[in-house]
Amino acid sequence: MSSAPKHETWTVFKRLVSYVQHLKPVFVISVLGLLGYGAVDITFMTFIKPFVDEGFSSKPAVAVGAELVTTQGFQSGNDVLAMAPFIVVGLFILRGLCNFVSTYGISYMSTKVIQEMRQQVFEHILKLPVSFMDQQNSGNLISKVTYDTEQIARASGNALITIVRDGITVIGMIGVMFYYSWKLSIFILVIAPAIGLVITIVSRRFRKVSRQIQNAMGSVTTVTEQMIKGHKNVLAFGGQKTEAERFASANDFNRYQNMKLATTQAISQPLVMIIGSFALGAVIFAASLDSLRGELTAGIFTTVLACMLSMLQPIKNLTRINAEFQRGIAACTTVFELLDTPTEQDSGNYQVERVRGDVSFRNVSFTYPGQDKQALEQVDFHVQQGHTLALVGRSGSGKSTIASLLTRFYRGLESGDILLDDVSIYDYTLKCLRSQVALVSQQVTLFNDTIANNIAYAYPGEASRQQIEDAARLAYAMEFIEKLPNGLDTEIGENGVTLSGGQRQRIAIARAILRDAPVLILDEATSALDTESEKAIQKGLDNLRRNRTSIVIAHRLSTIENADEILVVDQGRIVERGNHKALLALDGMYAKLYQMQFGS
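The rules we used
Residues numbered from 1 in each chain as written. Predicted model: local features only at pLDDT ≥ 70, side-chain atom pairs only at ≥ 80, totals over all residues. Heavy atoms only, no water. Salt bridge = Lys/Arg side-chain N within 4 Å of Asp/Glu carboxyl O. Helix = DSSP H or I, 4+ residues; strand = E, 2+ residues; numbered from the N terminus. Buried < 20%, exposed > 50% of the residue type's maximum accessible area, 1.4 Å probe, protein only. Pairing = 2+ DSSP bridges. Contact = heavy atoms within 4.5 Å. Axes fitted to C-alpha atoms, helices over the stretch in contact; angles between N-to-C directions. UniProt positions renumbered as here; feature names shortened; annotations may be inferred. Left-handed = near helix turned anticlockwise from the far one by under 90°. Nonpolar A, V, L, I, M, F, W, Y, C, P; charged D, E, K, R; others polar. Arc of directions from axis to C-beta. Core = buried A, V, L, I, M, F, W, Y, C linked by side-chain atoms within 4.5 Å. pLDDT = per-residue confidence, 0-100. Phe/Tyr/Trp six-rings, centres within 6.5 Å; stacked < 30°, edge-to-face > 60°.

Novice: Kindly report on the pattern of salt bridges, identifying the contributing residues and their values.
Specialist: When the charged atoms of two side chains lie near each other, side chains of opposite charge can form a pair. Considering all chains together, one arrives at 17 salt bridges under this definition. Taking the shortest distance from any N to any O, the salt bridge between Asp-346 and Arg-408 comes out at 3.6 Å. Taken as a pair, Asp-346 in the loop between α12 (298-339) and β3 (359-366) and Arg-408 in the loop between α13 (399-406) and β6 (415-420) lie far apart in primary sequence, 62 residues in all. The exposure class assigned to Asp-346 is partly exposed, which follows from its relative accessible area of 40%. Given the relative accessible area of 2%, Arg-408 is considered buried. One salt-bridge network, held together by shared partners, links Arg-354, Asp-516 and Arg-548.

See below:
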């Protein structure tokens, strides 16, 4: 049981060290600075004995005739005392220089490591499959990028400084003590195992509590994020008290976990100090024994005592920093677990500059990961180049699943295959496949940037101003963009907060128009539009669909009356197919949906 955490800590620490491989020169200089810092403290202790024994051990003056003659020892004592100020000042100047070099170097390394690790985590999340993201708490993922990596900075920064500098100091002080009097110093070996046992037990506790703190911090982030995203709904429903209570619960749990860590730390440090005081008391007691008193000088006793007193603070620092180190190791573990999560599979190698746009679903059956019920069952259809296929049906019938499978957001078909130009979509590279598809979903995502940059988002190459304006006109977005203070250069805030739902939808449609992909997926693309805007956009979409394969998912049947083929999906199966007139004549589910929206 005890070996597992040690093995885990060592494995995680070795992996963390790998991030510093390219910073070896900085690392070496920093460690040399830390060693120099500790060496100065040790050197200072070695000067205590000659300062005391020689600086203050003078023989009395002897009268020779009418003159007083000073002994050689007194002259030597004066020399030592005269040199002492210069030695002390020189040592502390060197100490300060070493401290600056080491602190700056370690800080540079730790910030560089965190920068690279955050970038790596962020880029890794970008490559994770949608099926993984569906099961994750967004607050926890955000916490890993922000909070957890900050804890790693403590492990790679402050902890390294303390461990190396204070570790060298403790070892050096013990060496000086044994050099001058091993009999007095032997008592330090008695307390070493006890201190080691305390630190081992406390380390396990720190690591366990640190994991709980990270989870608690993820809960705080999640509640905050949900409140900010749903701020309007919170105000509209008067949910301020509910959200405040929810945050208070998460916040209090986070405080409770931090107090558990603080309690462990508060107990461990005095305990180590008390154990150390036993050794200090034993040394003082031993020095009073007649058997040792004859071997000791004032300088030796003062040096040993000073070394022991000087070790107390470094030992306390090592115990205190152990909390930060274990917290950093726990954070490393969770971050590395995320980095070890398999990315989206891209086993295909087929590439083409532009497909024709023939889309085929051949008896496709699919079940979402972790679900028992099939989302699609034996779905079979073919859309020719330039034609429009509409998918209608009740919510949860499987319409959006078809769009998600075409863009390969999910893998693992139970049966069947999906073809694009008679080639399986799983044979295409992901980049090539998704470059052939323009998607406008019911959940519009805009960025805190200008309207022009949102329309040109992720456009391959560089979109000209004219191309952006043309796309906006086709989406009938220029009619409101031209009325804005800065036109296309207007900042729209996070997710287009300054725009209406219909305006945001039109910008998303303009983005798809600019992409100029041969396959177009419209997933409730006009759901947020008023009737007037919808009619205007339909004209733009009619232009957009020309010579493009379009798959339109719609609840509002008025938007798909001109589709070449309409599929009625119910519980994952296609129950009706045909054009608008044929389905009305069939008087089935489509006709009932149409009557519900438009009456008889």
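Novice: Give me the lowdown on the sheet that holds strand β4 (residues 376-383), citing residues and values where you can.
Specialist: In space, the four strands of this open sheet follow the order β4-β3-β6-β7, with antiparallel pairing throughout. One side of each edge strand has no neighbouring strand; the edge strands of this open sheet are β4 and β7 (423-424). Pairing analysis gives two bridges linking β6 to β7, with the strands arranged antiparallel. Looking across to β7, one finds that Leu-419 is bridged to Ser-424. Sitting on the sheet, α13 is in contact with β3, β4 and β6, with an inclination near 115 degrees to β3.

Novice: Could you give an account of unusual backbone geometry, with specific residues and numbers?
Specialist: Of note, the phi angle at Ala-458 is positive, near 55 degrees, even though the residue is not glycine. Examined against the element boundaries, Ala-458 turns out to sit in the loop between α15 (451-455) and α16 (465-474). Residues other than glycine seldom take positive phi values, yet Tyr-476 does so here, at roughly 55 degrees. Note that Tyr-476 resides in the loop between α16 and α17 (478-481). Residue Tyr-476 is classed as partly exposed on the basis of its relative accessible area, which comes to 28%.

Novice: Provide a residue-level description of the UniProt feature "transmembrane region" (unreviewed entry) in the protein chain, including the pertinent values.
Specialist: In the numbering used here, UniProt assigns the feature "transmembrane region" (unreviewed entry) to residues 26-48, 80-102, 159-180, 186-203 and 270-289. Taken end to end, residues 26-48 is 96% helix and 0% strand, and its two terminal C-alpha atoms sit 34 Å from one another. Helix makes up 100% of residues 159-180 and strand 0%, with an end-to-end C-alpha separation of 31 Å.

Novice: An account of the packing of helix α2 (residues 24-46) against helix α7 (residues 158-180) is needed here, citing residue identities and associated values.
Specialist: Interhelical geometry of α2 versus α7 gives an angle of 35 degrees and a closest axis separation of 9 Å. Regarding α2 and α7, the two cross each other, and that crossing is right-handed. Of α7, the residues touching α2 (which contributes Phe-27, Val-31, Leu-34, Leu-35, Tyr-37, Gly-38, Asp-41, Ile-42, Met-45 and Thr-46) are Leu-160, Ile-161, Val-164, Arg-165, Ile-168, Thr-169, Gly-172, Met-173, Val-176 and Tyr-180. Its residues assigned to classes, the contact of α2 with α7 shows 14 nonpolar, four polar and two charged.

Novice: Describe helix α21 (residues 589-598), and please don't skip the residues or the numbers.
Specialist: Turning to α21, its buried residues are Tyr-590, Ala-591, Leu-593 and Tyr-594. What you see down the axis of α21 is that its buried residues fit within an arc of 160 degrees, all on one side. Exposed residues lying more than 90 degrees from the buried face of α21 are Lys-592 and Met-596. Looking at the packing, one finds that the buried side of α21 touches β5 (388-392), β11 (565-570), β12 (573-578) and α20 (580-586).

Novice: Run through the nonpolar core, naming residues and quoting values.
Specialist: Counting residues in hydrophobic clusters, the biggest one holds 42 residues, and the most contacted among them are Ile-455, Ile-481, Leu-488, Ile-560, Ile-566 and Tyr-590. When residues of this core are assigned to their parent elements, the largest contribution, seven residues, is made by helix α18 (residues 501-515). Ile-481 has contacts with Ile-451, Ala-472, Gly-487 and Leu-488, leaving out every residue within four places of it along the chain. By size, the runner-up hydrophobic cluster in this structure holds 33 residues, among which are Ile-106, Ile-125, Leu-160 and Val-164.

Novice: For the side chain of Arg-165, give the residues involved together with the corresponding values.
Specialist: In this fold, Arg-165 is placed in helix α7. You can call Arg-165 buried: its relative accessible area is 16%.

Novice: Describe in detail the confidence of the model for the protein chain, supporting the description with residues and values.
Specialist: Considering every residue of the protein chain, the mean pLDDT works out to 80; 85% of them sit at 70 or more. In this model residues 59-74 is a low-confidence stretch, pLDDT under 50, and it forms 13 contacts with partners more than four residues away in sequence or in other chains.

Novice: Residues and numbers for the packing of aromatic side chains, please.
Specialist: The final tally for this structure, using the stated rule, is 11 aromatic pairs. Ring geometry for Tyr-179 and Tyr-180: centres 5.1 Å apart, planes at 75 degrees, overall edge-to-face. Relative accessible area serves as the criterion here: at 67%, Tyr-179 is assigned to the exposed category. Taking the relative accessible area as the measure of exposure, Tyr-180 reaches 21% and is therefore partly exposed.

Novice: How would you explain the environment of Ile-201 if you had to name every residue and give the values?
Specialist: Along the chain, Ile-201 turns up in helix α8 (residues 182-229). In this structure, the C-alpha to C-alpha distance between Ile-201 and Ser-268, residues 67 residues apart in sequence, is 9.5 Å.

Novice: Account for the sheet that holds strand β8 (residues 437-440), naming residues and giving values.
Specialist: Taken in spatial order, the six strands make up an open sheet running β8-β9-β10-β5-β11-β12, and their pairing is mixed. Of all strands in the sheet, those with a lone pairing partner are β8 and β12, marking the two edges. The sheet shows a mean angle of 15 degrees between the axes of neighbouring strands, taken without regard to direction. One ladder, built from four bridges, connects β5 with strand β10 (residues 549-553); its direction is parallel. What sits directly across from Leu-389, in β10, is Ile-551. Sheet contacts for α18: β8 and β9 (519-523); angle to β8, the most-contacted strand, approximately 175 degrees. Packed onto the sheet, α21 meets β5, β11 and β12 and runs at close to 95 degrees relative to β11.

Novice: Give a description of the pairing of β6 that names residues and reports values.
Specialist: Here five bridges tie β3 to β6, and the two strands are oriented antiparallel to one another. Bridged to Ser-360 within β6 is Leu-419. Here β6 hands over to β7 after two residues, with Asp-421 in that stretch at a positive phi of 55 degrees.

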